[in-house]
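Examining the three-dimensional arrangement
Spelled out from the first residue to the last, the chains are:
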Amino acid sequence: MEYRSTGGLRGRRLSLQVDDAVRAKTYGAHRVCAVDGCETRLSAYNPSTICALHSGGWRDELKRPTRKQRPREEMTRYCSYEPCGREFVTSNPAKKYCSDACRMKAFQARAVAARQAELGHSLAGARRAS
Ligand SMILES: [Zn+2]
Ligand SMILES: [Zn+2]
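What comes next is a walk through the structure. (Residues numbered from 1 in each chain as written. Chains lettered and ligands numbered in written order. Predicted model: local features only at pLDDT ≥ 70, side-chain atom pairs only at ≥ 80, totals over all residues. Heavy atoms only, no water.)

Bound to the zinc ion (ligand 1) on the protein side are Cys 33 (SG), Cys 38 (SG), Cys 51 (SG) and His 54 (ND1), at distances that span 1.9 to 2.3 Å. Every donor counted, the four donor atoms about the zinc ion (ligand 1) form angles of 103 to 116 degrees at the centre, which fits tetrahedral coordination. If you list the donors of the zinc ion (ligand 1) from N- to C-terminus, the spacing comes out as C-x4-C-x12-C-x2-H. A residue pair is termed long-range when its members are at least 10 positions apart, and Cys 33 in the loop between α1 (2-24) and α2 (60-68) and His 54 in the loop between α1 and α2 qualify at 21 residues. With a relative accessible area of 5%, Cys 33 lands in the buried category. Accessibility expressed as a relative area gives 28% for His 54, which makes it partly exposed. (Donors = N, O, S within 2.8 Å, 3.2 Å for Na, K, Ca; no water. Tetrahedral: all angles 85-135°; square planar, octahedral: opposite > 155°, others 65-115°. Helix = DSSP H or I, 4+ residues; strand = E, 2+ residues; numbered from the N terminus. Buried < 20%, exposed > 50% of the residue type's maximum accessible area, 1.4 Å probe, protein only.)

With that out of the way, let us pick up the coordination of the zinc ion (ligand 2). Taken together, the protein donors to the zinc ion (ligand 2) comprise Cys 79 (SG), Cys 84 (SG), Cys 98 (SG) and Cys 102 (SG), at separations of 2.3 to 2.4 Å. What the four donor atoms of the zinc ion (ligand 2) show is an angle range of 105 to 118 degrees at the metal, which sorts the shape as tetrahedral. Taken in sequence order, the residues that donate to the zinc ion (ligand 2) follow the motif C-x4-C-x13-C-x3-C. Residue Cys 84 is classed as partly exposed on the basis of its relative accessible area of 25%.

Inspection of the secondary structure puts Ala 106 in helix α3 (residues 100-129). Sequence separation between Ala 106 and Cys 84 is 22 residues, and the spatial gap between their C-alpha atoms is 9.9 Å.

Below, the structure is given as structure tokens:
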């Protein structure tokens, strides 16, 4: 019984720390390495709770998100929704439309075109059959 309650508490406290760190983006300027006996200062931008010397391998889960957060290069693209074609700047290479509105319109246009193509096919089929 006792063992279960302390275990649960410890787990909860750990996940809270991680949540707070992610939300704040910086991780506090006056922390030291969590490894016993190590007093290495941690950078405010280090998402880990341990220094670089002690973070080899076993904390890969904490290191991975920082790699993704690296700022991406911005690029100028043209809206893929043809009636718009507006120039826009994005750092997301997968972004094809200048706005959500254009993305939705393009999606609807594609759905309509698909439906028309389908109708055309069934009409042609019906004509052939009769
Ligand atoms: Zn350390
Ligand atoms: Zn657009």
